[in-house]
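Inside the fold
Here are the chains, one letter per residue:
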Amino acid sequence: MNFRLWWGVAWRFLWRSRKSTGTLAAMIVSAVATLIFLDALSIGVSDAMIRNSVSLVSGHVMAEHIPAGVAQETLRIAGVEHVLKRRTSQVWLRHGGQMAATALVSVDPQAERNATALWRKTSAGRYLQAGQNELFLGESVARKLGVNIGDTVLVGTTPTQTDRELVLCGTFRTGIAPLDQGLSFCPDLQSGANEDWDAALFLAGGVSAESVRDNLRLPASAAVTTWAERMPDLKQLIDLNGLCMLLVMILVFFIVSLGIACAFVIFILKNIREHGIMKSMGVFSGETVLLLVLEISGLTLAASAVGMALGCALTWLVAGPGVDLGALTSHNQYFAVSGIIHPRLTILSLALPPLLALLFALLAGIWPMCMIARQRPAEVLRSI
Amino acid sequence: MIRITEVTKAYASSRGLVPVVDGVSLSLDAGRSLALMGRSGSGKTTLLYLIGGLERPDSGQIFCLEQPLHSLTGNSLARFLRKNVGFLFQFGNLLSYLTVAENVAFPLRLNNVPAAQRDRRVQELLEKIGLAPAAHALPRELSGGEIQRVAFARAVAHRPGILLADEPTSSLDSASAYNLMDLMFRVGRDEGRTTLVATHDPAVTALADRTVRLEDGKIAHATDADSTDRSAGQES
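Residues numbered from 1 in each chain as written. Chains lettered and ligands numbered in written order. Predicted model: local features only at pLDDT ≥ 70, side-chain atom pairs only at ≥ 80, totals over all residues. Heavy atoms only, no water.

Focus: a nonpolar patch on the surface
Our working rule: Distance thresholds for patches are 9 Å for like charges and 5 Å for nonpolar side chains (Val, Leu, Ile, Met, Phe, Trp, Tyr), applied to residues having over 30% relative accessible area and no salt bridge. For the accessible areas, the method is Shrake-Rupley and the probe is 1.4 Å, while residue cover comes only from the protein chains on display. Salt bridges are defined as contacts in which a side-chain nitrogen from Lys or Arg sits within 4 Å of a carboxyl oxygen from Asp or Glu. Secondary structure elements are defined from DSSP: runs of H or I of at least 4 residues count as helices, runs of E of at least 2 residues count as strands, and each element is numbered from the N terminus.
On the surface, A:Phe3, A:Trp7, A:Trp11 and A:Trp15 cluster together into a nonpolar patch covering about 480 Å² of accessible area. You can see A:Phe3 is positioned in helix α1 (residues 3-16).

Right, dumping it as structure tokens:
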């Protein structure tokens, strides 16, 4: 079988039948471009949910019980943008006869400001300043304790013990109950320099938390977890988002392919007489099928390439400013920091729509291919 | 050499099975030409398709160049056609998206003729049909007569042993028709080709070595070029 001959015939047919080729191609271009953009938007939604969830406090990867001798820089491996050193202890807060249990996190306020978004959720007062004996507390806990900005809060490891006194400098409200009610923050005064410490790692865009976790070289006593392990509900939501998008793609292509299938059938049957002529010249059935496969796949791949370029351009245009869905996400805990979505492309979001287009186009061509290949030349010539 | 024996072909229709070719026998020596005459519906095209392997007989035998065409199928049949048969249809039926030169070259490419030899043969034929300047034109840019001339060139490009032509002049004016027929028979004689032409045109009978008239799928009359009459019904 002379592949070069049939490729030459196929592209000449596509190029010199520009009107019908163009019409069919337009359907494929619009379907591919739309799906690429939609998938990029869906990925952007997932990115935003992750970003919003991890950027408040926890980071993409959290390492706990790191021995004191391990330097902070040890954790700054490829893909890690910020390493926040913290020390956490379970404490009781007391004020005016009221008490509340919380995890007190000692932090570097400036580093936290640079990497997290919690300081933006200040509801009263201000965020922490380095070197001060201050407390930054959830608004609901402050209300429960009856404490105001500037008041002193007693901190102890037991309900009756007082280890230190901290002045309330500000309160925060994220809308996430475990955070608002379970955490409080104070500047790290380096008093526990010989104690184990914790780290929150913030990663660059697109870096896999799992790969960073696997590449960290820490003693066995340190426990390293990713956001997906700590927030399985978010992980499930993102997986659900991805699955829904895949179903949308398949459904859209199935529906679009009905139109493409009809158009392809007309496209092929319009030239059925020419296939009869070729059969009368001794073209093998396999060569007829090859020709049709080359025509279909050539058209689909070329149109898909244009669709990909269009989808990429649209994604790039929108990705910069982003899409502000604040009105739809303001009460959603997974969008606690920002409702702006930045569409993002992945290899899969680029490759899947064209592959689906090719699959459905070839499926659409099966019936006319079989029909033409199986008929005798006279039957094909008579079929017009 | 073409030899067909008691060949029949019927088509199913709303009227039941309609015999289109009914027990036809004829033979034609290599290098000779035959004109198949008859009214519309007499079975000329079907008989031509049967001889050319484009259709399969319900019964009977067809031998072309010693090959049992009636039993060849699939790729064996296609291989025989691409090497040994050229077909000229009523309206030319060029491949609309190939240029004149590409259409003429097509059977040569099917037969894997090397490029240099292919180009020479295409040039030779285009000059013979007077369309060398139109080598890069598409069929839609040609007149009816030009289309038929290109179709003829395509049909003989690979020097087939057999040329079958189905009413090739029906869409042409008489001058163009005569020129095409003259070219076809002349080139056929020069290249030793067996030529069968289904036609309404009486002028063709003057150019062919033998004429066979079909009526209702049977041979009604046969005449040699020397006007020798043959019996109706069977021709050998």
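Examining helix α3 (residues 100-110) of chain B
Threshold: Each residue is assigned to one of three classes by its accessible area relative to the maximum for its type, calculated with a 1.4 Å probe on protein chains only: buried under 20%, partly exposed between the two thresholds, exposed over 50%. We call two residues in contact when some of their heavy atoms are within 4.5 Å.
Of all 11 residues making up α3(B), 10 are buried, and the element is well covered by its neighbours. Taken together, the buried positions of α3(B) are occupied by B:Val100, B:Ala101, B:Glu102, B:Asn103, B:Val104, B:Ala105, B:Phe106, B:Pro107, B:Leu108 and B:Leu110. Considering only its buried residues, α3(B) is in contact with α1, α9 (272-280) and α10 (285-319) of chain A together with α2 (74-84), α4 (115-128) and α5 (144-156) of chain B. Phi turns positive, to about 55 degrees, at B:Asn112, one or two residues after α3(B).

What about the layout of surface pockets?
All names here are of chain A. Condition: Within this scheme a cavity is a closed region of a 1 Å grid, computed over the protein atoms alone, that accommodates a 1.4 Å probe without allowing it to escape, whereas a pocket is open but has protein on both sides within 12 Å along at least five of seven lines; lining residues each have an atom within 4 Å of a point. Grid points are joined across faces, edges and corners, and a volume is the space filled by probe spheres set on the points. Gly counts as polar in this scheme, as do all residues outside two lists: the nonpolar Ala, Val, Leu, Ile, Met, Phe, Trp, Tyr, Cys and Pro, and the charged Asp, Glu, Lys and Arg.
Quantified by volume, the largest pocket comes out at close to 1100 Å³. Every residue lining the largest pocket is counted, 45 residues in all, and those nearest its centre are Ser-46, Asp-47, Ile-50, Gly-206 and Arg-344. Of all elements in the fold, only α2 (18-56), β2 (80-95), α3 (109-115), β9 (197-203), α6 (209-215), α8 (232-269) and α12 (347-374) reach the threshold of two or more residues within the lining of the largest pocket. If you tally residues by element for the lining of the largest pocket, the top one is α2, at 10 residues. Looking at the lining of the largest pocket residue by residue, the classes come out as 18 nonpolar, 17 polar and 10 charged. Estimates place the volume of the second largest pocket at around 590 Å³.

Looking at the nonpolar core
The criterion, for reference: To form a nonpolar core, buried Ala, Val, Leu, Ile, Met, Phe, Trp, Tyr and Cys residues must be joined to one another through side-chain atoms within 4.5 Å.
Within the largest apolar cluster, 83 residues are counted, with the highest numbers of intra-cluster contacts made by A:Trp6, A:Phe264, A:Met278, B:Ile4, B:Leu47 and B:Phe106. Apart from the residues within four sequence positions on either side, B:Phe106 is in contact with A:Leu5, A:Trp6, A:Val9, A:Met278, A:Met281, A:Val283, B:Leu95 and B:Leu98. B:Val100, B:Ala101, B:Leu108 and B:Ala151 belong to the second largest nonpolar core, which has 40 residues in total.

A word on the environment of B:Met37
Residue and element names in this part refer to chain B. Within the fold, Met-37 resides in strand β3 (residues 33-37). A relative accessible area of 6% places Met-37 in the buried class. The spatial distance from the C-alpha of Met-37 to the C-alpha of Ala-220 is 9.9 Å, given a sequence separation of 183 residues. Once residues within four sequence positions are removed from consideration, Met-37 is found in contact with Lys-44, Thr-199, His-200, Asp-201, Pro-202, Thr-205, Thr-211, Val-212, Arg-213 and Leu-214.

A short note on the packing of α2(A) against α8(A)
All names here are of chain A. What counts here: Only the contacting stretch of a helix is used when fitting its axis, a line to C-alpha atoms as for every element, and angles between N-to-C directions run 0 to 180 degrees. Working definition: roughly parallel below 35 degrees, roughly antiparallel above 145 degrees, roughly perpendicular at 65 to 115 degrees, and oblique for all remaining angles.
Relative orientation of the contacting elements α2 and α8 amounts to 175 degrees, with a least axis distance of 11 Å. Considered as vectors, α2 and α8 are oriented roughly antiparallel to each other. The residue makeup of the contact of α2 with α8, split by class, is 22 nonpolar, seven polar and one charged.

Structural notes on unusual backbone geometry
Located in the positive-phi region is B:Glu6, a residue other than glycine, with phi close to 50 degrees. Along the polypeptide, B:Glu6 turns up in strand β1 (residues 2-13).

Some thoughts on the packing of aromatic side chains
Residues and elements named next belong to chain A. Rules: Only the six-membered ring of Trp is used, alongside the rings of Phe and Tyr, when aromatic pairs are assigned; centres must lie within 6.5 Å, and planes under 30 degrees apart are stacked while those over 60 apart are edge-to-face, with the rest tilted.
Scanning all chains against the criterion turns up seven aromatic pairs over all chains. Aromatic pair Tyr-127 and Phe-136: ring centres 5.0 Å apart, planes at 85 degrees, arrangement edge-to-face. Residues Phe-172 and Phe-185 carry aromatic rings whose centres are separated by 5.9 Å and whose planes lie at 65 degrees to one another, so their mutual orientation is edge-to-face. Here Phe-185 lies in strand β8 (residues 183-187) and Phe-172 lies in strand β7 (residues 164-172), a separation of 13 residues in the sequence. Phe-185 shares its class with Phe-172; the two are buried. Among the aromatic side chains, those forming a connected cluster through ring pairs are Tyr-127, Phe-136, Phe-172 and Phe-185.

Things to note about the sheet that holds strand β5 (residues 67-68) of chain B
Residue and element names in this part refer to chain B. Here is the rule we go by: Note on pairing: two strands pair once DSSP finds at least 2 bridges between them.
Read from one edge to the other, the open sheet built from four strands follows the order β2-β1-β4-β5, with strand pairing classed as antiparallel. Each edge of the sheet is formed by a strand with only one pairing partner; in this case those strands are β2 (16-28) and β5. With two bridges connecting them, strand β4 (residues 59-64) and β5 associate as antiparallel partners. Looking at the pairing, Phe-63 lines up with Pro-68 of β5. Strand contacts of helix α1 (residues 44-51): β1, β2 and β4, with the helix running at about 120 degrees to β1, the strand carrying the most contacts.

Points about empty space enclosed by the protein
Applying the stated criterion to the full structure yields four cavities of 30 Å³ or more. Within this model, the largest cavity holds a volume of roughly 70 Å³. As for the largest cavity, its lining consists of A:Ser280, A:Met281, B:Leu81, B:Arg82, B:Val85, B:Gly86, B:Phe87, B:Pro107, B:Arg154, B:Ala155 and B:His158. At the level of secondary structure, the elements contributing two or more residues to the lining of the largest cavity comprise α2, β6 (85-88) and α5 of chain B. The element best represented in the lining of the largest cavity is β6(B), accounting for three residues. By residue class, the composition of the lining of the largest cavity is six nonpolar, three polar and two charged.

What about the environment of B:His200?
Residues and elements named next belong to chain B. Inclusion rule: Each polar contact in these results corresponds to two N or O atoms within 3.5 Å; when the atoms are within protein, one needs to be able to donate a hydrogen and the other to accept it, and residues that are neighboring in sequence are counted only if both atoms are side-chain atoms.
Note that His-200 resides in the loop between β8 (194-199) and α7 (202-205). For His-200, a relative accessible area of 41% corresponds to the partly exposed category. Sequence spacing of His-200 and Ser-13 is 187 residues, and the spatial spacing of their C-alpha atoms is 25 Å. Here His-200 is in contact with Met-37, Gly-38, Arg-39, Ser-40, Lys-44 and Glu-167, once residues within four sequence places are set aside. At a separation of 3.0 Å, a polar atom in the side chain of His-200 contacts the side chain of Glu-167.

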